Amino acid sequence: MKKTRLFTLISLILLTLKSIGFSQAPNLGTSANFTFFTAVGAFNNVGASIITGNVGTNVGALNGFPPGIIIGQTHVANAVSAQAAIDVDNAYMALSPVTCGSTIGTTLGNGQLLTPNVYCLGAASTLNGTLTLDGQGNPNALFIFKINGAFATGGLSNIVLINGASWSNAYWHIN
């Protein structure tokens, strides 16, 4: 009986510690005002993408608009992008020590459904088709994607949020 109680207590402590560490979302600062932002390279679009929200880069260039359409503002190597780059760096550093909850393949989408977790992808990755993020009824559910390489999206790919999942709780840590 004592072993059962001890095991239950240890399990509860481990689950609590995991949720405490996992529930810490980084502060995005001014970079939260962007739909897409890169602090260290060019932003390249190929095709007829439609992006709703601000897009920026602090170095490099913003290419592919047109044919792509941005419904929002663009910031390329200006004061706004300089501050956003600092804030992105701070958020990136906050996510760096977060450990993987699950290692998955480098192709996201194609009908894939993911629940809140820290997902690690070991190399350059792509999004093709539909990726569904299921918040499981928790409006604070976090999704962290740590990609060890570049990230590209295929034509007509999309991310669908269900059951309380929120864009403000989805983080992409791309190396």
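Refer to the structure above for everything that follows.
Below is a summary of the structure that appears in this document.

Analysis parameters
Residues numbered from 1 in each chain as written. Predicted model: local features only at pLDDT ≥ 70, side-chain atom pairs only at ≥ 80, totals over all residues. Heavy atoms only, no water. Disulfide = S-S within 2.5 Å. Helix = DSSP H or I, 4+ residues; strand = E, 2+ residues; numbered from the N terminus. Buried < 20%, exposed > 50% of the residue type's maximum accessible area, 1.4 Å probe, protein only. Pairing = 2+ DSSP bridges. Axes fitted to C-alpha atoms, helices over the stretch in contact; angles between N-to-C directions. Contact = heavy atoms within 4.5 Å. Phe/Tyr/Trp six-rings, centres within 6.5 Å; stacked < 30°, edge-to-face > 60°. Core = buried A, V, L, I, M, F, W, Y, C linked by side-chain atoms within 4.5 Å. Expected span 1.5 Å × (residues − 1). Polar contact = N/O pair within 3.5 Å; in protein donor to acceptor, adjacent residues only side chain to side chain.

On to the state of the cysteines. A full pass over the atoms with the stated rule returns one disulfide. Note on cysteine connectivity: cysteine 100 is disulfide-linked to cysteine 120, with sulfurs 1.8 Å apart. Taking the sign of the torsion about the S-S bond as the criterion, the disulfide between cysteine 100 and cysteine 120, at about -95°, is left-handed. Of the two residues, cysteine 100 sits in the loop between α2 (79-95) and β8 (102-104) while cysteine 120 sits in strand β11 (residues 117-121), which places them 20 residues apart along the sequence. Since its relative accessible area comes to 10%, cysteine 120 is described here as buried.

Bringing the pairing of strand β4 (residues 54-57) into the picture now. The alternating pattern of β4 places Asn54 and Gly56 on one face and Val55 and Thr57 on the opposite face, and all of these are buried. Here four bridges tie strand β1 (residues 34-38) to β4, and the two strands are oriented parallel to one another. Across the sheet, residue phenylalanine 34 finds its bridge partner in β4, namely asparagine 54. Where β4 and strand β7 (residues 74-76) come together, three bridges link them in parallel fashion. When the bridges of β7 are listed, valine 55 appears paired with threonine 74.

Spatially, three strands are ordered β1-β4-β7 in an open sheet, and the strand pairing comes out parallel. Unpaired on one side and paired on the other, β1 and β7 mark the two borders of the sheet. Across the sheet, the mean angle separating the axes of adjacent strands is 10° when strand polarity is ignored. Taken strand by strand, α2 contacts β1, β4 and β7, and its axis lies near 80° from that of β1.

The subject of this paragraph is the sheet that holds strand β12 (residues 125-128). The parallel open sheet is built from three strands, whose spatial order is β9-β12-β15. Unpaired on one side and paired on the other, β9 (107-109) and β15 (151-153) mark the two borders of the sheet. Shown here is a sheet whose adjacent strand axes are inclined to one another by a mean of 20°, direction ignored. Both β9 and β12 contribute to a ladder of three bridges, which runs parallel. Note that in β12 the partner of leucine 108 across the bridge is leucine 127.

Once that is clear, we can look at the packing of aromatic side chains. In total, this model carries six aromatic pairs according to the counting rule given. Considering the side-chain rings of phenylalanine 43 and phenylalanine 65, the 6.0 Å spacing of their centres and the 25° angle between planes classify their relative orientation as stacked. Linking phenylalanine 43 in strand β2 (residues 43-44) with phenylalanine 65 in the loop between β5 (62-63) and β6 (69-71), this pair joins segments that are 22 residues apart in sequence. Residue phenylalanine 43 is classed as buried on the basis of its relative accessible area of 14%. Classification of phenylalanine 65 by relative accessible area gives partly exposed; the value is 22%. Ring centres 5.5 Å apart and planes at 20° place the aromatic pair tyrosine 119 and phenylalanine 145 in the stacked group. Of this pair, tyrosine 119 sits in strand β11 while phenylalanine 145 sits in strand β14 (residues 143-147), placing them 26 residues apart in sequence.

We now examine the nonpolar core. In this structure, Leu108, Leu114, Leu121, Leu131, Leu133, Phe143 and Phe145 are the most contacted members of the largest nonpolar core, which totals 15 residues. For this core, the secondary structure elements donating two or more residues are β11, β13 (130-134) and β14. Among the elements that line this core, the one with the most residues is β14, at three residues. Residues Leu95, Leu142, Ile144 and Tyr171 belong to the second largest nonpolar core, which totals six residues.

Next up on the list: α2. Here α2 spans 25 Å end to end across 17 residues, near enough to the 24 Å set by a 1.5 Å rise per residue. Taken together, the buried positions of α2 are Ser81, Ala84, Ala85, Asp87, Ala91 and Leu95. Those residues of α2 that are buried lie in contact with β1, β4, β7, β14 and β17 (170-174). Where α2 starts, the residue carrying a side-chain oxygen 3.1 Å from the main-chain nitrogen of valine 80 turns out to be asparagine 78.

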